[in-house]
Amino acid sequence: MSLFVKNIKRLVGVRQEAPQSPLKGKEMETLPCLDNAWLLTEGDRIKAFGEMSGTAPETIGAMEDGADGVIDAAGRMVFPSYCDSHTHLVYAGSREMEFMDKLRGLSYQEIARRGGGILNSVELLHNTPEDDLLRQTLVRAWEIISLGTGAVEIKSGYGLTVEDEVKMLRVARRVGEETPLRVRTTFLGAHAVPARYKGNREGYVDEIIRDIMPAVAAEGLADYVDIFVEEGFFTVEDASRIFDAAARYGMQPKVHANQMSFSGGVQVGVKYGAASVDHLEFTGPEEFRVLQDSGTIATLLPGATFFLDMDYPKAKQMLEYDLPLAIASNYNPGSCPSGDMKFMMALAMIKMRLTPETVLNAATVNGSFAMGTAAEYGSITPGKKASFFITKEIPSYEFVPYSFTSQLIEEIVLNGKIINR
């Protein structure tokens, strides 16, 4: 299967060579584009791109005649698919009643102490058979595909037992088999302390290391290991124990870090070579210095910050410290029931004063690095997966985050195939 897309008004995020490292600081202000362009795919890969006016008419004709499909994108733009590097896409039911509790003035921590929050989702998931859990998750998976996402990281963490953590991660893997999404999986057994270990957090960490993690590893279900380092959840010392154990199974760390306090999550993440530290509402110069030249990506989750009505991370200061930023959705039932990356970019622009170029790079190139898919996703580059979307007629790429509630995508191509859903 080959596709030839012609007369593209603007081809966004083009790079002849795949970046070898995430974009940092001022680099994130540069968004390479090609006007009046064409794009050729072969199989599931991007083969080539170029300018319509700079290519001989006979060459254009030969590519068009030789392609299995031709798309005339006149007046429209092509973007690389979003790379959403932090989601909790596998969950059962919903938690809108907790939303009402928030409106009545209860904090995230207060809701958790009353048995709500993560533990609410734990109970719902435990009572949901695997096939039903998959059915619910596939609805969300196709939703994010329709919104432009082509690669996604999916965490466990609503199981908190051997059987249910494994069930979650099996469902996440099945999403990657039953949809065209590229799925990366993360074991987040240390998401909350289950009710059976109330007052005995260390005992639950023992169970994670002794029982749950080996079961996950035995089926090869997780690419990463994550932990919620926060007051009332897990400590830096817990993270060290879990990361030491995970190293035996080849699971690279990630950290839910500094969402509600200066928790030390950033520091322990960098110490253990985390792929990313995520949330980061409570950060300052100390955390920024630790992240400099660490190889760890600072992943911002503005949808959760918005939903919880918190102060936003100091993103512009992060760029001044020459840090690499990614933006992800944190799609989950409790603090961000949305996987719309366009909305996440708009929030990052409005609330953190980031530029359109920065947020587009954060949602594509750097998102791909944050979940280990940079060799195949995140930019329009020959040899990478042919995963992109074609907009309706729009005036500029800035219009995408600007028009944050409009459906602007007209056609989606994932892995070289046109998606019709």
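As shown above, the structure is provided for reference.
Report on the accompanying structure. (Residues numbered from 1 in each chain as written. Predicted model: local features only at pLDDT ≥ 70, side-chain atom pairs only at ≥ 80, totals over all residues. Heavy atoms only, no water.)

## Things to note about the side chain of His-256
Condition: The helix and strand labels rest on DSSP assignments: H or I over at least four residues marks a helix, E over at least two residues marks a strand, and numbering proceeds from the N terminus. Under the scheme applied here, a residue whose accessible area is under 20% of the maximum for its type counts as buried, over 50% as exposed, and between as partly exposed, the area being computed with a 1.4 Å probe on protein chains only. The term polar contact refers here to a pair of N or O atoms within 3.5 Å; inside protein, the definition further demands a hydrogen-donor-capable atom paired with an acceptor-capable atom, and it admits residues adjacent in sequence only when both atoms are side-chain atoms. Any pair of residues with heavy atoms lying within 4.5 Å of one another is described as a contacting pair.
Mapped onto the secondary structure, His-256 falls in strand β11 (residues 255–257). Classification of His-256 by relative accessible area gives buried; the value is 3%. Here the side chain of His-256 touches His-86 through a polar contact of 3.4 Å, side chain to side chain. Polar contacts involving the side chain of His-256 include one to the side chain of Asp-226, which spans 3.0 Å. Residue contacts for His-256: discarding those within four places in its chain leaves His-86, His-88, Lys-155, Leu-188, Asp-226, Ile-227, Phe-228, Val-229, Asp-278 and His-279.

## Structural notes on the nonpolar core
Heads up, the rule is: Residues enter a nonpolar core if they are buried and are Ala, Val, Leu, Ile, Met, Phe, Trp, Tyr or Cys, with the set joined through side-chain atoms within 4.5 Å.
The biggest cluster of nonpolar side chains holds 111 residues, and the ones touching the most others in it are Phe-79, Phe-187, Met-213, Val-216, Ile-242 and Leu-325. It is helix α13 (residues 341–352) that provides the largest number of residues to this core, a total of eight residues. Within the second largest apolar cluster, 18 residues are counted, among which are Val-5, Leu-11, Val-14 and Ala-73.

## Section: unusual backbone geometry
Of note, Asn-258 is a non-glycine position whose phi angle comes to about 60 degrees, a positive value. Checked against the element boundaries, Asn-258 lands in the loop between β11 and α9 (265–271). For Asn-258, a relative accessible area of 0% corresponds to the buried category. Backbone geometry places Arg-353, a non-glycine residue, at a positive phi of 60 degrees. Along the chain, the position of Arg-353 falls in the loop between α13 and α14 (356–363). According to the relative accessible area criterion, Arg-353 is exposed, its value standing at 56%.

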